[in-house]
Structures are given as C-alpha cells and as structure tokens.
Amino acid sequence: MIDKSIDSLFTEWLEKNKDRITEKWIELAKIPSVTSEKADKAPFGIGCARALSYAASLFSSDGIESRVYDDGGYALAHYGDGEKTIGLFSHSDVVPVGDGWLFTEPFSPVIKDGSLIGRGVEDNKSGIIASLCLMEFLRDNGIKLKSRLEAFIGSDEECGMKDMLAYLSEQKMPDLSFVPDADFPCSTGEKGICHFWAKSRTALQQIKKITAGEAFNIVLDKTEAELTYSEALYNEIREKLGENGKITLAAENGAVKLLAKGISKHASIPEGSENAALTLFTFLCGCENLCENDRVILSGAVEALSCYYGGGLDILHEDPNFGKTTCTNGMVKIEDERLMLSFDVRYGDTMDGALLESKSEKALDRLGFEVVYRDNSPGFSIDKDSPIPAVLESIYAEIAQENKKSVLMSGGTYARKLKNAFSLGTSVILPDRKDKLLEMPDGHGGPHQRDERIDIEGFFAAVRILLHYVIECDKIING
C-alpha cells in the first residue's frame, strides 16, 4: 500500500537530516514547560509560553509558515493548501518532574544507548518534532498534498486542554486529524476522564503537613508528612518500621517527619504502581499513639485509595470494549486542617458518567469525605463504519511487519476534542533492529515517570509511518 518511491526518498532525506532534527528536539526538551502561574501572553505560565514559542520557531526558521496565538496558548504551522485540512496535534507542556532521576536531570536531556532521556522527550515534544519532520520532508522534496496540512502545538494538554478550547473557538476544525501522543497503529476511542478532589469533613489534629504530588494523572510515588512530636509516637513508629524500606523516619524541629516511597505510573495504566500515600496512611492507621481522630480520617482515606479499579469508591465496572474502570490518586494535601485527596477516574462507554459521580460521592460521604471539585470529560469512539482505521492498520503492518488492530485508549489526548481524529504513537521498534533497547528500573522511563525516555531509532520509524498515514488519508478525504 505504501508509496515505495516516497518511502525511499524519506529514507535518504532522514539520513541527511536526523542529527540536525535530534539537536532541535534536545533544545526543545531543555525548556521547563510545567504549567505555572498565568502571566502576560503566557496563560499557562512562562515556561509553557517559552516552549510554545520555541516550538513554533522551529517551523518558521525552516521557512514553514507558523504563528503563536499567545492568549490562547497554542501555535499553528501550515504546509500547502487545499479545501480540506489534515491536522497534526501535539503539545509542548509536560507533567511535573519529581525527584529521584537516575540518568540525568529532568531538563538536561541526554542520549544513552540510543535513547533520548528527559522530561517531555516523548510526552509530547516528540509529537512536535514528528510534525516538523513531516512538513520539512514534504517541502524539501516538493511533494504536494491535495489537503492543507496544519500542525497544532498546544501548551495545556496535561492540565485541562484550555488551549484546545481556545483553538476551537477561533479556528476551523480539520477534516481529519492525527494526534501523535499514544500508540500504534492508532486509537479509535478514549475513556471518559473524571477528576475530583475530596476533603475530609473532620479536621486533623496531630498530622500538620502533607506534601504529595502535583498532577491528577501521575500515581503518587512520594509522600512526606509532618506530625506533632511525641516521644511515644516517635518510638512506636521507629519500632513498627523495623526493616521497612518504603518509609523513613526522622525527628526534626519538634515534628515527626515521615517519607513514604512508591512506584509511579500514568493514571491510565495503574497496574504495577504503588501509591506512596496509601502506604503511609495504612502504616499510620496502625499506630496507637496517633490520636483516634486522625486514624479515623486516614482509615477512610485508605479505603478510598485501596483499589486502583475503584473498589474503594463503589465504582467497579468493566466495559466490554474499554476494559476496567481505573481510579488513581495523584495529589494529597492539607487545607484548613482537613485532608484532601485527588482522584483520576477513567471509564468506558457503558459506565454512565452521572452514575459514577453519584456512587463515588456516596462512598466518600460514608468514609467521611465530601467532593469539593469535579471535572468530568466524556470519552468517545470513532464511527465503526469509518474506513480510516483499516487503512492505518494496513500501513502499520507493512512497515512494522506486525499485524495489530486499532485500540481503545485509557489515556486522554487532544483527539477527544476533535472530530474524525486518530491518536497514534511516536515510537515503534522495527523487526530488523540490531541494537538492544535501553532498560530501566521500575518506576523509570515511562511518559509520566522519572527518566522519561524514547528510542531515537524508533521515533524516526514512527515518523515514517505517520508520513504514509497522511499521504493515504489525503487521498481518502479528497475522493
């Protein structure tokens, strides 16, 4: 199915340009683009605005038309013309970095054994570079599409997609879109995502401070707590901890200080994660010298957090297509002396969103908590009669030498805000690969983990697949 002559041209072009492109990718990854306080012409913070501006400049400096829409927090680049438009959607903002990186500092990207390591190198600055590659290749080789190719670069994908809302209010939505922020061959639907905060009705007494997490969508792998010091409590904790390697204890400035560690995972795939807050709260519930008031509050929190499929909130459910509902916790804090827990719930088509809200609220009420904030974004599924997925599956099989069907996602991408949109990967390991992949310890290497990594050879293979996706779909939407 793929155009062999174009494929050969791409291989030649890539050989000449991949080092230059990788250097630009590294420079983009150096910019700390975690969401922060709003500023002038920076609706999602100075770092996000800097990364957005630099990403747009990568296109314009190579002669590709681009423009930053400062107030909306997004940028657009264009190649070609035509009545129909194919969109390429990616984002320059990243999740918080955390500590405990082993291979490099988060915004000091390095290449090790063929992998690029640093926060955002995959999620999703790789998507921006993939769009840049595609447009540069088409331009350099004089390849004309019937459609106009539009690259969207956002800066608020991780924290609400307000950039996308601005775009949709100001621009015309593409006829077909690709979102290189997922997996191959493509996704044809995404779970609904419900974010909410729950707050204990009763004030804590001995527990004075908790520091844990910065985002809904990362399972907590570190939780710090400070408790009012008493010798009895300190000695009991020290004795109970014994050889426990997951919690450490210190006495400092009139406080008992505890640090619990777990294993982070993206909220959409919590299997294998260990919530550090759950570990700490479970331990403290067994400490007799912690006041009963605080133990009761923590016991409610333990039940709420006990199951990453939602059992603690009475929302266990398995969708025939999307699989199990997931329920994770990414942040814990104390506000007005009350314990606050964040939740990230992802659910399939056959779970009613309003019912999910009602059941979780009743469960939390029983556990001593009330919901104080909620944002529920419904999922979607592509029309089953669409010819696009079969075309993408065929192209992927030809290049990757692997027969895979399109998938339904637990993650949330820009595709959920668009029509006729397919999310896909930014890395694929081809069967003729000779070098071994870089291995990392548990809790490291994934998109929302420490030492986020992407295989460079796999990335350029993914761009090759995206190129043929665009070429074939250009023919389809233009008849």
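The rules behind these values
Residues numbered from 1 in each chain as written. Predicted model: local features only at pLDDT ≥ 70, side-chain atom pairs only at ≥ 80, totals over all residues. Heavy atoms only, no water. Buried < 20%, exposed > 50% of the residue type's maximum accessible area, 1.4 Å probe, protein only. Helix = DSSP H or I, 4+ residues; strand = E, 2+ residues; numbered from the N terminus. Polar contact = N/O pair within 3.5 Å; in protein donor to acceptor, adjacent residues only side chain to side chain. Contact = heavy atoms within 4.5 Å. Pairing = 2+ DSSP bridges. Phe/Tyr/Trp six-rings, centres within 6.5 Å; stacked < 30°, edge-to-face > 60°. Lys NZ or Arg CZ within 6 Å of the ring centre and 35° of its normal. Axes fitted to C-alpha atoms, helices over the stretch in contact; angles between N-to-C directions.

> It is not clear to me how helix H6 (residues 276-285) should be interpreted in this structure. Could you clarify?
Side chains three or four residues apart in an α-helix point the same way, a direct result of the helix having 3.6 residues per turn. Judged by how many residues are buried, H6 sits mostly within the fold: 7 of 10 residues are covered. Here H6 has its buried residues at Ala276, Ala277, Leu278, Leu280, Phe281, Phe283 and Leu284. Between the side-chain oxygen of the N-cap and the backbone nitrogen of Ala277 there are 2.8 Å, and the N-cap of H6 in question is Asn275.

> For this particular structure, what's the right way to read the environment of Thr426?
Within the secondary structure, Thr426 sits in the loop between strand E22 (421-424) and strand E23 (453-455). For Thr426 and Ile128, which are 298 residues apart along the polypeptide, the C-alpha to C-alpha distance reads 10.0 Å. Look past the residues within four positions of Thr426 in its chain and what remains in contact with it is Glu122, Ser126, Gly127, Pro180, Phe184, Ile454, Gly458, Phe459 and Ala462. Among the polar contacts made by the side chain of Thr426, one reaches the side chain of Ser126 at a distance of 3.0 Å.

> Quick question: what am I supposed to make of the pairing of strand E11 (residues 222-228) here?
Every other side chain in a regular strand lies on the same face of the sheet, so the side chains alternate between the two faces. Here 4 bridges tie strand E10 (residues 207-211) to E11, and the two strands are oriented antiparallel to one another. Within E11, the residue paired with Ile210 across the bridge is Ala225. Across 7 bridges, the pairing between E11 and strand E13 (residues 255-261) is antiparallel. From the neighbouring strand, Thr223 faces E13, where its bridge partner is Ala260.

> How should the packing of aromatic side chains be read in this particular structure?
Here a ring pair, both rings aromatic, is described through the centre-centre distance and the interplanar angle of the planes. The tally for this structure, following the rule as stated, stands at 21 aromatic pairs. Here the aromatic residues Tyr69, Tyr74, Phe89, Phe152, Tyr167 and Tyr414 are joined through ring pairs into a cluster of three or more. Above the ring of Tyr309, the side-chain terminus of Lys324 is found at 4.5 Å from the ring centroid. Here Lys333 stacks its cationic end above the ring of Trp197, 4.6 Å away from the centre of that ring.

> Can you help me understand the sheet that holds E11 in this one?
Whether parallel or antiparallel, the strands of a sheet pair through hydrogen bonds between backbone atoms. The 4 strands lie next to each other as E10-E11-E13-E12, forming an open sheet whose pairing is antiparallel. Two strands in the sheet have a free side with no partner beyond their single neighbour: E10 and strand E12 (247-252). Along the sheet, successive strands turn relative to each other by an average axial angle of 15°, direction set aside. Against the sheet, helix H5 (residues 231-241) engages E11, E12 and E13, with an angle of about 155° to E12. The strands touched by H6 are E10, E11, E12 and E13; relative to E11, the strand with the most contacts, the crossing angle is about 30°.

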